[in-house]
Amino acid sequence: MSGGDMAKPLLGHRSTEGDPSITPAAGRTIGVLGSGDFARSLAIRLVCSGFKVVVGSRNPKRKAGLFPSAAEVTFQAEAVKKTDVIFVAVFREHYSTLCDLADVLAGKILVDVSNNTEINHHKESNAEYLASLFPASTVVKGFNVVSAWTLQSGARDGNKQVLSSSDKGQIPTVSAAEAVEKKMNIWVEEEVWRMEIYISVGIIALGLLSLLAITSLPSIANSLNWREFSFIQVTLTFADARE
Ligand SMILES: NC(=O)C1=CN([C@@H]2O[C@H](COP(=O)(O)OP(=O)(O)OC[C@H]3O[C@@H](n4cnc5c(N)ncnc54)[C@H](OP(=O)(O)O)[C@@H]3O)[C@@H](O)[C@H]2O)C=CC1
Ligand SMILES: [Cu+2]
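Going by what an unreviewed UniProt entry lists, the protein chain is known as Metalloreductase steap3 isoform x1 and is assigned to Limosa lapponica baueri. Listed in UniProt under the heading Sequence similarities (unreviewed entry), the comment for the protein chain reads: "Belongs to the STEAP family." In the Cofactor (unreviewed entry) part of its UniProt record, the protein chain is described as follows: "FAD".

This is how it looks when you write it as structure tokens:
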């Protein structure tokens, strides 16, 4: 992918350099089941972070055009065979339709990214449910608090924290997923603040200009005494001119 922000990994290289716990991403293949909003954002972000991505869809022909050309879009079973770490970007309600994949998913890591639309609707969590459907796989919960939009648009806005958990202890094997998480966790101080400052200065300038404009209206100007009027006009014209 080219184009603006997406050419950059979510968060600068600078901050991840020298962190030995981050496995080099390039070349690793990550699977994504589903071709919806979240799958697409994940795929774009993973490709931009140097991963190979294989997407598993029920209808790969129709969905391929929605993904970056670097990502391979194929049938679910094909995709799953090509990787050990698979993001399940499908709603809980459709988990059971993936049961045919149980054999190919055995021994692999499934990342449950789902959120429920209702609270306390199901007795077990989505990740527990997924784990019960695929007892031979390792289920990791994570990324569900990051919106598809944040994944695509980068570090400037939205939640960048990726929380994850699993039954199977530390799971050092999830290095790829963890590498993405760590990359996502790094808040690029400079970039975030620069944006905030631009916006704040813009708002203040707009406020001052409006005040200047309003006090220039004859009806308002007449209701101020000359001291107030000249204070506002002189100070603000000067302030605005400097901005
Ligand atoms: N959108 C967001 O911002 C976020 C989403 N999530 C989670 O990510 C998951 C996916 O969300 P999102 O991408 O928005 O949803 P979408 O509805 O956009 O995509 C869901 C995908 O599921 C796939 N799927 C597989 N089996 C079925 C089936 N039997 N019926 C219908 N669809 C099926 C479809 O892909 P195909 O047709 O190719 O098989 C479809 O594209 C959800 O669990 C959601 O909670 C979590 C955090 C944020
Ligand atoms: Cu339900």
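Let us keep going from here.
Hey, could you run me through the overall build of the protein chain in this one?
A tally of helices and strands in the protein chain yields 11 helices and seven strands. For the protein chain, the exposed surface amounts to about 13,700 Å²; the carbon and sulfur share of it is 58%.

I keep staring at the coordination of the copper ion (ligand 2) and nothing clicks. Help me out?
Metal coordination angles have textbook ideals: 109.5 degrees for a tetrahedral set of four donors and 90 or 180 degrees for an octahedral set of six. Listed as protein donors to the copper ion (ligand 2) are H121 (NE2) and H122 (NE2); their distances from the metal cover 2.6 to 2.7 Å. Among the residues examined, H121 registers a relative accessible area of 47% and is labelled partly exposed.

Where do I start with the site of ligand 1 in this structure?
The environment of ligand 1 is made up of 20 residues, and the closest members are S35, F38, S57, N115 and A148. Take G36: an N or O atom from its main chain is 2.9 Å from an oxygen atom of ligand 1. At 2.8 Å, a backbone N or O of N115 approaches an oxygen atom of ligand 1.

Sorry if this is basic, but what is going on with the nonpolar core here?
If you look at soluble globular proteins, the nonpolar side chains tend to sit buried side by side. In this structure, F38, L46, V53 and F87 are the most contacted members of the largest nonpolar core, which totals 25 residues. Mapped by element, the contributors of at least two residues to this core are β1 (29-33), α2 (37-48), β2 (52-57), β4 (85-88), β5 (109-112) and α7 (148-153). The leading source of residues in this core is α2, at six residues. The next biggest cluster of nonpolar side chains, apart from the first, holds 15 residues, and it includes I86, L98, L101 and Y129.

Just checking my understanding: could you explain the environment of T138 for this structure?
As for its placement among the helices and strands, T138 is situated in strand β6 (residues 138-142). Here T138 falls in the buried class, since its relative accessible area comes to 14%. Here the alpha-carbon distance between T138 and L110, two residues 28 residues apart in the chain, equals 6.0 Å.

Would you explain the packing of aromatic side chains in this entry?
To describe a pair of aromatic rings, one takes the distance between the centres and the angle between the planes. This structure, assessed with the given rule, holds two aromatic pairs. Note on F87 and F143: the rings are 5.1 Å apart at their centroids and 90° apart in plane angle, and the pair reads as edge-to-face. Placement of F87 in strand β4 and of F143 in the loop between β6 and α7 is noted, with a sequence separation of 56 residues between them. The same class applies to F87 as to F143, namely buried. Here the aromatic rings of Y95 and Y129 are separated by 6.1 Å at their centres, their planes lie at 15°, and the arrangement is stacked. Linking Y95 in the loop between β4 and α5 (102-105) with Y129 in helix α6 (residues 126-133), this pair joins segments that are 34 residues apart in sequence.

What am I meant to see in the UniProt feature "transmembrane region" (unreviewed entry) in the protein chain here?
Per the UniProt annotation, the sites labelled "transmembrane region" (unreviewed entry) are residues 197-221. Regarding residues 197-221, the helix share stands at 96% and the strand share at 0%, and the terminal C-alpha atoms are separated by 32 Å.

How do you make sense of α2 when you look at a structure like this?
An α-helical segment advances 3.6 residues per turn. Residues three or four places apart therefore align on the same side. The end-to-end C-alpha distance of α2, which contains 12 residues, comes to 17 Å, matching closely the 16 Å that a straight helix rising 1.5 Å per residue would cover. Where burial is concerned, most of α2 is hidden: 10 out of the 12 residues are buried. Considered for burial, the residues of α2 that qualify are F38, A39, S41, L42, A43, I44, R45, L46, V47 and C48. In the stretch just after α2, G50 is the one whose phi turns positive, near 95°.

About the cut-offs
Residues numbered from 1 in each chain as written. Chains lettered and ligands numbered in written order. Predicted model: local features only at pLDDT ≥ 70, side-chain atom pairs only at ≥ 80, totals over all residues. Heavy atoms only, no water. UniProt positions renumbered as here; feature names shortened; annotations may be inferred. Helix = DSSP H or I, 4+ residues; strand = E, 2+ residues; numbered from the N terminus. Areas by Shrake-Rupley, 256 points an atom, 1.4 Å probe, with all protein chains shown as cover. Donors = N, O, S within 2.8 Å, 3.2 Å for Na, K, Ca; no water. Buried < 20%, exposed > 50% of the residue type's maximum accessible area, 1.4 Å probe, protein only. Near = heavy atom within 4 Å. Polar contact = N/O pair within 3.5 Å; in protein donor to acceptor, adjacent residues only side chain to side chain. Core = buried A, V, L, I, M, F, W, Y, C linked by side-chain atoms within 4.5 Å. Phe/Tyr/Trp six-rings, centres within 6.5 Å; stacked < 30°, edge-to-face > 60°. Expected span 1.5 Å × (residues − 1).

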